[in-house]
2 protein chains.
Amino acid sequence: MPERAVAGGKESSVDTPPVESTRERLLNIAEQRFGEGGYEGTSLRAITVAAAANIAAVNYHFGSKEALLRAAVARAMAPVNTERRRRLDQLEAAGQPTAEQLIRAFIEPGLELVLRRGERGAIVARFIGRVAFDPSRRIRELYAAETDPVEARYLAALQQALPRAAPESVAFGYANMLGLLALHQSQALSRAPDADDLEDPGKLAENLIAFLVAAFDRGLRA
Amino acid sequence: MPERAVAGGKESSVDTPPVESTRERLLNIAEQRFGEGGYEGTSLRAITVAAAANIAAVNYHFGSKEALLRAAVARAMAPVNTERRRRLDQLEAAGQPTAEQLIRAFIEPGLELVLRRGERGAIVARFIGRVAFDPSRRIRELYAAETDPVEARYLAALQQALPRAAPESVAFGYANMLGLLALHQSQALSRAPDADDLEDPGKLAENLIAFLVAAFDRGLRA
DNA sequence: CTCTCATTCAAACGTCCGTTTGAACTATGC
DNA sequence: GCATAGTTCAAACGGACGTTTGAATGAGAG
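Calculation notes
- Residues numbered from 1 in each chain as written.
- Chains lettered and ligands numbered in written order.
- Predicted model: local features only at pLDDT ≥ 70, side-chain atom pairs only at ≥ 80, totals over all residues.
- Heavy atoms only, no water.
- Axes fitted to C-alpha atoms, helices over the stretch in contact; angles between N-to-C directions.
- Helix = DSSP H or I, 4+ residues; strand = E, 2+ residues; numbered from the N terminus.
- Parallel < 35°, antiparallel > 145°, perpendicular 65-115°, else oblique.
- Contact = heavy atoms within 4.5 Å.
- Nonpolar A, V, L, I, M, F, W, Y, C, P; charged D, E, K, R; others polar.
- Buried area = accessible area lost by both parts, 1.4 Å probe.
- Salt bridge = Lys/Arg side-chain N within 4 Å of Asp/Glu carboxyl O.
- Polar contact = N/O pair within 3.5 Å; in protein donor to acceptor, adjacent residues only side chain to side chain.
- Near = heavy atom within 4 Å.
- Expected span 1.5 Å × (residues − 1).
- Bend = angle between axes of the 7 residues up to and from the residue.
- Least-squares fit on C-alpha atoms with pLDDT ≥ 70 in both.
- Buried < 20%, exposed > 50% of the residue type's maximum accessible area, 1.4 Å probe, protein only.
- Left-handed = near helix turned anticlockwise from the far one by under 90°.

Undergrad: Give me the lowdown on the packing of helix H6 (residues 118–132) of chain A against helix H7 (residues 137–161) of chain A, citing residues and values where you can.
TA: Residues and elements named next belong to chain A. For the pair H6 and H7, the least separation of the axes is 8 Å and the interaxial angle reads 120°. On the basis of their axis angle, the class for H6 and H7 is oblique. For the pair H6 and H7, contact is made by Ile128, Val131 and Ala132 and by Ile139, Arg140 and Tyr143, respectively. Looking at side-chain class alone, the contact of H6 with H7 contains five nonpolar, no polar and one charged residues.

Now the structure itself:
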């Protein structure tokens, strides 16, 4: 049963997603399942069954379970990193940015850009958050490698924006910012599945930014 | 080869720990290994080998892998919960406590009491922090069940101490406090294994408390 | 049609997993 | 001494895991 709908052009302007390839389906399902159960807690069989693919497809398209995770992380982080770089460029071009501007330019791409687009956004966010704090150091480093380039620039800019705080203190605050962002992305902080009226991504972003700005401005040692 | 040293009394006043029982060795190693690799990432075989115990000993003494984890969590959290309750009682007896006093009374038992006593303290802290954010909801709830009783009291007291902030906002800040504490306990925030001069538990506690106090006092919406 | 190359498939590989079994061992009370 | 209850042990259980294999299937080029 040939799945492919039509030979067609690239622009089926009506909403007919060009039929996902096996590779794409694997990445999509991997995002969802890894985000739910973590890396160790999710089997390739569970992923391939849900993706309606053969178990061997993972090793054919990616090479191994870990390579599948790596590909999924890279794909999920790409737009976030791009948007963060863009915002940082823009801020620095306009002169010395404030701490709040920097925090906002870091948090919003992580929460909004990823939480916005309906159901899938929340899945991607949870996936990223989960990988960032996976129990295995190996997995965590795999995630860190995907963010590091942008990170260093933000940390440096923050230290310039907060000259009164000691560099180690700014780094401490920066680590806290990374951690809190990942925690909210992973949704591990919301105990009750419902009732969290902060789950509106816009409100959550504003609350988190206000929380962090106050901490950075007045909670760091000199 | 009978392991037991002597029949002796309970008070071998010199430092001769009465020879750990299999049960105790299993709990100690479980703390260490679960803290390193997470629940899914750590096998009972790895634990029993390290504890010089037979693999069947886990099911004999605890019943299952999950029951071993539960027992380890309960044992690790007991002194923390006790100390938190004691401090909260003391604060409330002296009148309306401030937000800073409450935050300190929550953070310090989590960091200090557990980080103080040499090498083992860091192991226990990492174990607790890891379990608190395990990928599996089941495991996280298992941990939450061990803290919940004290938690509710702290949240209520915080809301009283911060009447100008909306209750949801205080709850939001409270969740952030839990998260940051667990992250520092799990040591997932310190990227480099060394070089973290904040690893001195006392300094870390002070930095974290200052960070949180500023955020609670000025970073919550009305 | 034929050849080619990419993709999919069922099946099996060896390994490790948590758990169970039933016998052996130990200490204590009678 | 014997009986008893608590503990340890080697061995095996069935099942799930990530990975590999080699044949089947698909579409496109000549």
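Undergrad: How would you summarise the interface of chain B and chain A if you had to cite specific residues and measurements?
TA: In this assembly, 42 residues from chain B lie in contact with 42 residues from chain A. Together chain B and chain A conceal approximately 3,600 Å² of surface at their shared face, both sides included; 65% is due to carbon and sulfur atoms. Inspection of the region where chain B meets chain A yields zero salt bridges. The interface formed by chain B and chain A includes four residue pairs in polar contact (both at pLDDT 80 or more). Contributions of two or more residues to the side of chain B that touches chain A are made by helix H1 (22–37), helix H7 (137–161), helix H8 (167–186) and helix H9 (201–218) of chain B.

Undergrad: Describe the protein's contact with DNA strand D, and please don't skip the residues or the numbers.
TA: Around DNA strand D, a shell composed of 17 residues is seen, among which Leu44, Arg45 and Lys65 of chain A together with Thr22 and His61 of chain B lie nearest. For DNA strand D, the backbone portion of the atoms within 4 Å of the protein, that is sugar and phosphate, comes to 49%. Leu44 of chain A is positioned with one of its backbone polar atoms (N or O) 2.9 Å from a phosphate oxygen of DNA strand D. Within the contact set of DNA strand D, a phosphate oxygen lies 2.8 Å away from a side-chain nitrogen or oxygen of Lys65 of chain A. For the surface near DNA strand D, the secondary-structure elements that each account for two or more residues are helix H2 (44–50) and helix H3 (56–61) of chain A together with helix H3 (56–61) of chain B. Of all the elements, H3 of chain B adds the most residues to the surface near DNA strand D, at three residues. Taken together, the residues of the surface near DNA strand D break down into seven nonpolar, seven polar and three charged.

Undergrad: Give a description of helix H4 (residues 65–93) of chain B that names residues and reports values.
TA: Residue and element names in this part refer to chain B. An ideal rise of 1.5 Å per residue puts 42 Å on 29 residues; H4 measures up with 42 Å between its terminal C-alpha atoms. The axis of H4 is deflected most strongly, by about 35°, at Met77, and proline Pro79 appears within four residues downstream. The first or second residue beyond H4 is Gly95, which carries a positive phi of 110°.

Undergrad: Break down the relation of the copies chain B and chain A for me, citing the residues and quoting the values.
TA: Overlaying chain B on chain A yields an RMSD of 0.0 Å, the required transformation being a rotation through 180° with an accompanying axial translation of 0.0 Å. Each copy turns onto its partner about a two-fold axis. Residue Ala215 of chain B of chain B places its C-alpha closer to the rotation axis than any other residue of that unit, at 2.3 Å. Interface residue correspondence from chain B to chain A reaches 100%, placing this contact among same-surface, isologous pairings.

Undergrad: Before we move on, can you summarise H6 of chain A with the specific residues and values?
TA: Taking 1.5 Å per residue, 15 residues should reach 21 Å; H6 of chain A reaches 22 Å between its end C-alpha atoms and fits that length. Burial analysis of H6 of chain A places 11 of its 15 residues in the buried class, which makes it a mostly covered element. The complete set of buried residues in H6 of chain A reads Gly121, Ile123, Val124, Ala125, Arg126, Phe127, Ile128, Gly129, Arg130, Val131 and Ala132 of chain A. Summarising the contacts, the buried residues of H6 of chain A are in contact with helix H1 (22–37), helix H4 (65–93), helix H5 (99–115), H7 and helix H8 (167–186) of chain A together with H7 of chain B.

Undergrad: So what's going on with unusual backbone geometry? Residues and values would help.
TA: Phi is mostly negative for residues that are not glycine, and the peptide bonds are mostly trans. The phi angle at Ala52 of chain A is positive, at roughly 55°, despite the residue not being glycine. You can see Ala52 of chain A is positioned in the loop between H2 and H3.

Undergrad: Any details on the side chain of Asn176 of chain B? Residues and values, ideally.
TA: As for its position among the elements, Asn176 of chain B is in helix H8. Side chain to side chain, Asn176 of chain B and His184 of chain A meet in a polar contact 3.3 Å long. Beyond its immediate chain neighbours, meaning those up to four positions away, Asn176 of chain B contacts Leu180, His184, Leu189, Leu208 and Phe211 of chain A.

Undergrad: How would you summarise the pattern of salt bridges if you had to cite specific residues and measurements?
TA: Where charged atoms of side chains with opposite charge meet at close range, the side chains can pair. All names here are of chain A. Evaluated as defined, the whole model comprises 26 salt bridges over all chains. Where Glu31 meets Arg75, a salt bridge forms, and the shortest distance between an N and an O atom there is 3.4 Å. Of the two residues, Glu31 is situated in helix H1 and Arg75 in helix H4; the sequence distance between them amounts to 44 residues. Linking Glu83 and Arg87 is a salt bridge whose minimum nitrogen-to-oxygen distance equals 3.1 Å.

Undergrad: For the packing of helix H5 (residues 99–115) of chain B against H8 of chain B, give the residues involved together with the corresponding values.
TA: Residue and element names in this part refer to chain B. Relative orientation of the contacting elements H5 and H8 amounts to 20°, with a least axis distance of 10 Å. Considered as vectors, H5 and H8 are oriented roughly parallel to each other. Between H5 and H8 lies a crossing whose hand is right-handed. Contacts from Ile103, Phe106, Ile107, Gly110 and Leu111 in H5 reach Tyr174, Met177, Leu178, Leu181 and Gln185 in H8. Its residues placed into classes, the contact of H5 with H8 shows eight nonpolar, two polar and no charged.

Undergrad: Could you give an account of the protein's contact with DNA strand C, with specific residues and numbers?
TA: Around DNA strand C lies a shell of 17 residues, among which Thr22, Tyr60 and His61 of chain A together with Arg45 and Lys65 of chain B are the nearest. Among the atoms of DNA strand C lying within 4 Å of the protein, the sugar-phosphate backbone contributes 48%. Side-chain polar atom of Arg45 of chain B to a base nitrogen of DNA strand C: 2.6 Å apart, as the coordinates give it. Secondary-structure elements contributing two or more residues to the surface near DNA strand C are H3 of chain A together with helix H2 (44–50) and H3 of chain B. Looking at which element gives the most residues to the surface near DNA strand C, the answer is H3 of chain A, with three residues.

Undergrad: So what's going on with the side chain of Glu83 of chain A? Residues and values would help.
TA: All names here are of chain A. Position of Glu83 among the secondary structure elements: in helix H4. What makes Glu83 buried here is its relative accessible area of 16%. A polar contact of 3.0 Å, which involves the side chain of Glu83, links it to the side chain of Arg86.

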